[in-house]
Amino acid sequence: MRYHFRAFSLLELLVALALLATITAIAYAALTSVQRSNERARGELTRLKELQVGMHVLADDLSMVVRRSVAEGYDTTRGAFVGYEASFEFSRAGALDPGRELSATLSRVAYRLKAGRLMRRSRFAMDSANESANDAAFTTEQVQISGIQTLGVRYMGKSGEWSSHWDGVDVALPRAVELVLTVRDIGDLRRLILVDAR
């Protein structure tokens, strides 16, 4: 008995290779798309984490505000809380250190917009020898949130009225601080934070 084997023709092999190449190209495009989406999602998650952590630190700071004015020189004082349209500073109780319990130290904390970043500045020396040394006395400066296009701040008074400035006369504190951030790739974010004076 004779067996007859039939081989593939050249045309059939070329069609099979063309189909394999097409399927491979489609699979590669799909894999590349998934990989790009994954990288974009990671970037967005990192961005959201930065926003959440930055806002958490800010809210934590404002929950620790104390009614303590600071001396600037021999005859000038600065209120416990002083605020402007895009920056504010205040006296804060305790140390911001998640690994430790609340300490008895006081610090002066300031937030301002600098080159598209919300900066947190702090110092432990509450009083300064002269008015010009006040700004230089801040010892640490950290980026809290980056990619900010605009920052607007408003302050709520005792009777519920809003103001774009808080002069901090004596030890008066606002009831709340409202921040409106325009963040790149996200848009406007509005956050209302109650000031919990100690």
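Residues numbered from 1 in each chain as written. Predicted model: local features only at pLDDT ≥ 70, side-chain atom pairs only at ≥ 80, totals over all residues. Heavy atoms only, no water.

Points about the environment of Ala110
Turning to step 1, where the next piece is worked out: Note that Ala110 resides in strand S5 (residues 106-114).
Turning to step 2, where the next piece is worked out: Spatially, the C-alpha atoms of Ala110 and Arg123 are 9.0 Å apart, while their sequence positions differ by 13 residues. (Helix = DSSP H or I, 4+ residues; strand = E, 2+ residues; numbered from the N terminus.)

Thoughts on the packing of aromatic side chains
Turning to step 1, where the next piece is worked out: Tallied over the full model, the rule gives six aromatic pairs.
Turning to step 2, where the next piece is worked out: Aromatic side chains Phe88 and Phe90 sit 6.1 Å apart centroid to centroid with 15° between the ring planes, which places their arrangement in the stacked category.
Turning to step 3, where the next piece is worked out: The exposure class of Phe90 is buried, given its relative accessible area of 0%.
Turning to step 4, where the next piece is worked out: With centroids separated by 6.5 Å and ring planes inclined at 15°, the aromatic side chains of Phe90 and Tyr111 adopt a geometry described as stacked. Taken together, the residues span a long stretch of sequence, with Phe90 in strand S4 (residues 87-93) and Tyr111 in strand S5 at a distance of 21 residues.
Turning to step 5, where the next piece is worked out: Looking at Tyr111, the relative accessible area reads 1%, which means it is buried.
Turning to step 6, where the next piece is worked out: Counting every residue linked through ring pairs, the aromatic cluster contains Phe81, Phe88, Phe90, Tyr111 and Tyr155.
Turning to step 7, where the next piece is worked out: The lysine or arginine in question, Arg154, covers the ring of Trp162, its NZ or CZ lying 4.4 Å from the ring centre. (Phe/Tyr/Trp six-rings, centres within 6.5 Å; stacked < 30°, edge-to-face > 60°. Buried < 20%, exposed > 50% of the residue type's maximum accessible area, 1.4 Å probe, protein only. Lys NZ or Arg CZ within 6 Å of the ring centre and 35° of its normal.)

Digging into the pairing of strand S6 (residues 117-123)
Turning to step 1, where the next piece is worked out: Counting buried positions along S6 gives six out of seven residues, so the element sits mostly inside the fold.
Turning to step 2, where the next piece is worked out: Where S5 meets S6, seven bridges bridge the pair, whose relative direction is antiparallel. Across the sheet, Leu113 pairs through a bridge with Leu118, a residue of S6.
Turning to step 3, where the next piece is worked out: What sits between the antiparallel neighbours S5 and S6 is a turn of two residues, in which Ala115 has the positive phi angle 55°.
Turning to step 4, where the next piece is worked out: Summarising the sheet, S6 and strand S7 (residues 140-146) pair through six bridges and their orientation is antiparallel. (Pairing = 2+ DSSP bridges.)

Here we look at the pattern of salt bridges
Close approach of charged atoms allows side chains with opposite charge to pair.
Turning to step 1, where the next piece is worked out: According to the stated counting rule, one finds eleven salt bridges in the structure shown.
Turning to step 2, where the next piece is worked out: Across the salt bridge formed by Asp61 and Arg120, the nearest N and O atoms sit 2.7 Å from each other. Placement of the pair is Asp61 in helix H1 (residues 10-63) and Arg120 in strand S6, with a sequence separation of 59 residues.
Turning to step 3, where the next piece is worked out: A relative accessible area of 0% means that Asp61 is categorised as buried.
Turning to step 4, where the next piece is worked out: For the salt bridge of Arg154 with Glu178, the shortest nitrogen-to-oxygen distance reads 2.6 Å. Of this pair, Arg154 sits in strand S8 (residues 148-156) while Glu178 is found in strand S10 (residues 176-183), placing the two residues 24 residues apart along the sequence.
Turning to step 5, where the next piece is worked out: A residue is classified by how much of its surface remains accessible, and Glu178, at 9% relative accessible area, is buried. (Salt bridge = Lys/Arg side-chain N within 4 Å of Asp/Glu carboxyl O.)

Everything listed is a geometric property; what it means functionally is a separate question.
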